[in-house]
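Residue-level structure breakdown
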Amino acid sequence: KPRGKPHGKMLHKIQQIRWHFNMDKNEPTPVYSVDFDPIEGGYWRMATAGADSTVKTWRVTVGEKDITSEFLCELQHNSVVNVVRFSPNGAYLAAGCDSGKVAVWTRGDDEQWVLAASLSGHVGEVYDLAWSSTSLQLATGSMDNTVIVWDLAVDGAGLKGRALHHLKDHRRFVQGVAWHPGGLQIATQSCDGAVRFYGAGKKGLVCTHAASKVMIAPGTESERAKYARLYVDDVPSTFFRRLAFSPDGSLIITPAGFYPEGGADTHCCYVYRTTSPSSPVARVACSPATTIAVRFNPRLFKPRSPDTIFKGLPARMLYAVVTSTTCMLYDTEQAAPFAMLANLHLAPLTDAAWSHDGTLLAIASQDGFVTHVHLDVKSLDPNATSIDDILLPKQTPAPVAPPPEGAAGPDEAVESEPAEPSAAAAAKPMEVDAS
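We now turn to the structure provided with this report. Each chain has its residues counted from 1, following the order in which its sequence is written. Only residues with pLDDT of at least 70 are given local features in this predicted model, and only at 80 or more are side-chain atom pairs given and counted; all residues enter the totals for whole chains, interfaces and linings. Excluded from the side-chain calculations are hydrogens and water; all other atoms, namely the structure's heavy atoms, are used.

DSSP-based pairing: two strands are paired if at least 2 bridges between them are found. Numbered from the N terminus, helices here are DSSP runs of H or I no shorter than four residues, and strands are runs of E no shorter than two. Read from one edge of the open sheet, four strands run β27-β28-β29-β30, paired in antiparallel fashion. In this open sheet, the two edge strands, each paired with only one partner strand, are β27 (291–296) and β30 (339–342). In this sheet, adjacent strand axes meet at a mean angle of 15° when their direction is disregarded. As judged from the five bridges shared by strand β28 (residues 318–323) and strand β29 (residues 326–331), these two strands associate in the antiparallel manner. Residue pairing in the sheet places Val 321 in a bridge with Met 328 of β29. Every axis in this analysis is a line fitted to C-alpha atoms, fitted for helices over the stretch in contact. Angles between the N-to-C directions lie between 0 and 180 degrees.

Now the structure itself:
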């Protein structure tokens, strides 16, 4: 039976409907991705992608005690669909498939979506994708170890796509791609254990920074500095590494991090400042399970306290961290999560997404189902009486400064060693412990 009940000030529900289904075997298939239309339209339009080779769109509504999803449309693909994302202007829907193709759909009349472009360039499964803020460019990451940046142009014949850049720096599968909301900065994450940042240079798109290890300061002056890996290796629990920029463009949070502590590995996310992403500035200790995705709430909230863990931020921002078993909700003002959603599904979680107004969260799972969590104003701020009391006006993020002279080209970028630490200063990032 459908289940829905308040959780404190949150309403959550797992709807027992056929989100994605194998008719031959009469069983659900994994839901690998979920996303919300960013444009306000009187209701929440959601898209899901799954192992049944389809993308489906849904109308989601929230009542006082219930959350319902109404099927709208099914988009057929030629192979398993791993990722689906709406463009920022809401005009397009992009889907990355096991075939290596990327399908770009545009919405017609009566919720009927039309295939506008099919992008071919990868020779391996497409695991993640990200739109530019203009909705005219798209970055895709693949199991062929590359990232392709596509340019989309509208002409009389429809939508045409061409590959602008083919980035080949990663040595293993690219499992995460993110695009800065203020301009041309792209971040990618791979199971080779590296996060790479790209920006516009004189030679085109160049790799400006790469991070895969952190320096641990020596215990004595006679000891040499040691290096520790930041991210877990290629293991089955890290099918995706979906990193995310904050909506104001100041931070990026990366999953699949870990660090040794007490003889065991503690899993975490690493936080970078986008203006200087050569090394993380903080880590968020999450749980015993590997983190696989980070999704920021699209809205900016009024600061509640000047004494926060991230100094200098003009707004309070919320984000969801997904592991295989748990989804944790954080904000940028405190170390511990303000909500932890566990034991929701019978199989690993895969993705999460926020609605355009920042009050509804969807969580996808390999068990073939989707959980919705609605946050009312009291769950976002106990002292607020209406959502307008805590929201800041929407702002256009500032672009990131161009890379310095001499930055390596996309095919020749080499990961640099971290700088030597000062005498007693450890180069490990500040710990934000959520335990």
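Still to come is the rest of the account.
Bringing the packing of aromatic side chains into the picture now. Pairs were defined over the aromatic rings of Phe, Tyr and Trp, the Trp ring being its six-membered one, requiring ring centres within 6.5 Å. Orientation was assigned from the angle between planes: stacked under 30 degrees, edge-to-face over 60, tilted for the rest. Enumeration over the complete set of coordinates arrives at 13 aromatic pairs. With a centroid separation of 6.1 Å and 15° between ring planes, the pair formed by Tyr 92 and Trp 131 is classed as stacked. Taken as a pair, Tyr 92 in strand β10 (residues 92–97) and Trp 131 in strand β13 (residues 126–131) lie far apart in primary sequence, 39 residues in all. The same class applies to Tyr 92 and to Trp 131, which are both buried. Put simply, the rings of Tyr 32, Tyr 127, Phe 239 and Phe 240 touch in pairs and so form one group of aromatic residues. Accessible area is worked out with a 1.4 Å probe on protein chains only. A residue is then buried under 20% of its type maximum, exposed over 50%, and partly exposed in between.

On to the sheet that holds strand β19 (residues 195–201). Pairing is antiparallel in the open sheet, where four strands are placed in the order β17-β18-β19-β20. For this open sheet the edge positions go to β17 (174–179) and β20 (204–211), each flanked by a neighbour on one side alone. Taken pair by pair, the neighbouring strands of this sheet meet at an average axis angle of 25°, ignoring direction. Taken together, the five bridges between β17 and strand β18 (residues 185–190) define a ladder with antiparallel strand orientation. Counted as the bridge partner of Gly 176 is Gln 189 from β18.

Bringing the side chain of Thr 188 into the picture now. Checked against the element boundaries, Thr 188 lands in strand β18. Under this definition, polar contacts are N or O atom pairs within 3.5 Å; protein pairs additionally need one hydrogen-donor-capable and one acceptor-capable atom, and for neighbouring residues in sequence, both atoms have to be side-chain atoms. Here the side chain of Thr 188 touches His 170 through a polar contact of 2.7 Å, side chain to side chain.

A few words now on the layout of surface pockets. Space inside the largest pocket adds up to approximately 1,200 Å³. Put simply, the grid is 1 Å and covers the protein atoms alone, a cavity is a trapped set of points that fit a 1.4 Å probe, a pocket is an open set with protein on both sides within 12 Å along at least five of seven lines, and lining residues have an atom within 4 Å of a point. Considering the residues around the largest pocket, the lining is formed by 41 residues, among which Pro 38, Pro 88, Pro 181, Pro 247 and Pro 298 are closest to the centre. Those elements that place two or more of their residues in the lining of the largest pocket are β5 (31–36), β9 (81–86), β13, β17, β23 (244–245), β27 and β31 (349–354). With four residues, β13 is the largest single contributor of residues to the lining of the largest pocket. Grid points are joined across faces, edges and corners, and a volume is the space filled by probe spheres set on the points.

Here we come to the pattern of salt bridges. A side-chain nitrogen of Lys or Arg and a carboxyl oxygen of Asp or Glu constitute a salt bridge if their distance falls within 4 Å. With the rule as written, the count across this model stands at 16 salt bridges. Across the salt bridge formed by Asp 35 and Arg 295, the nearest N and O atoms sit 3.0 Å from each other. With a gap of 260 residues between them, Asp 35 in strand β5 and Arg 295 in strand β27 connect regions that are remote in the sequence. Note on Arg 295: relative accessible area 16%, which makes it buried. Of the charged contacts in the structure, one is a salt bridge between Asp 151 and Arg 162, with a shortest N-O distance of 3.9 Å.

Attention now goes to the pairing of β18. Consecutive side chains along a regular strand alternate between the two faces of the sheet. The buried fraction of β18 is high, at six of six residues. The alternating pattern of β18 places Gln 185, Ala 187 and Gln 189 on one face and Ile 186, Thr 188 and Ser 190 on the opposite face, and all of these are buried. In this structure, the hairpin formed by β17 and β18 is closed by a connection of five residues, where Gly 183 is found at a positive phi of approximately 160°. Relative to β19, β18 is paired through five bridges, and the arrangement is antiparallel. Bridge pairing links Thr 188 to Arg 196 in β19. The antiparallel hairpin formed by β18 and β19 contains four residues in its connecting segment, where Gly 193 sits at a positive phi of about 90°.

Attention now goes to the environment of Ser 287. When you line up the elements, Ser 287 lands in the loop between β26 (282–285) and β27. Not counting the four nearest positions on each side in its chain, Ser 287 is found in contact with His 267, Thr 323 and Met 328. Should any heavy atoms of two residues lie within 4.5 Å, those residues are considered in contact.

In plain words, nonpolar cores are sets of buried Ala, Val, Leu, Ile, Met, Phe, Trp, Tyr and Cys residues tied together by side-chain atoms within 4.5 Å. Counting 41 residues, the largest nonpolar core has Phe 36, Met 46, Cys 327, Leu 329, Leu 361 and Ile 363 as the members making the most contacts within it. Sort the elements by how many residues they give to this core and strand β32 (residues 360–365) lands first, with five residues. With near-sequence residues (within four places) excluded, Leu 329 lies in contact with Met 10, Tyr 319, Ala 320, Pro 337, Phe 338, Ala 339, Trp 354, Leu 361 and Leu 375.

Once that is clear, we can look at the side chain of Lys 56. Mapped onto the fold, Lys 56 is located in strand β7 (residues 54–62). Side chain to side chain, Lys 56 and Asp 52 meet in a polar contact 2.9 Å long. Other than its neighbours up to four places away in sequence, Lys 56 contacts Trp 19, His 20, Met 46, Ala 47, Thr 48, Phe 71, Cys 73 and Glu 74.

Positioned with a positive phi, Asn 26 is a non-glycine residue whose angle comes to about 55°. Tracing the chain through its elements places Asn 26 in the loop between β3 (21–22) and β4 (27–28). Accessibility expressed as a relative area gives 53% for Asn 26, which makes it exposed. Notably, Ser 135 is not glycine yet its phi reads approximately 65°, a positive angle. Residue Ser 135 is classed as buried on the basis of its relative accessible area, which comes to 2%.

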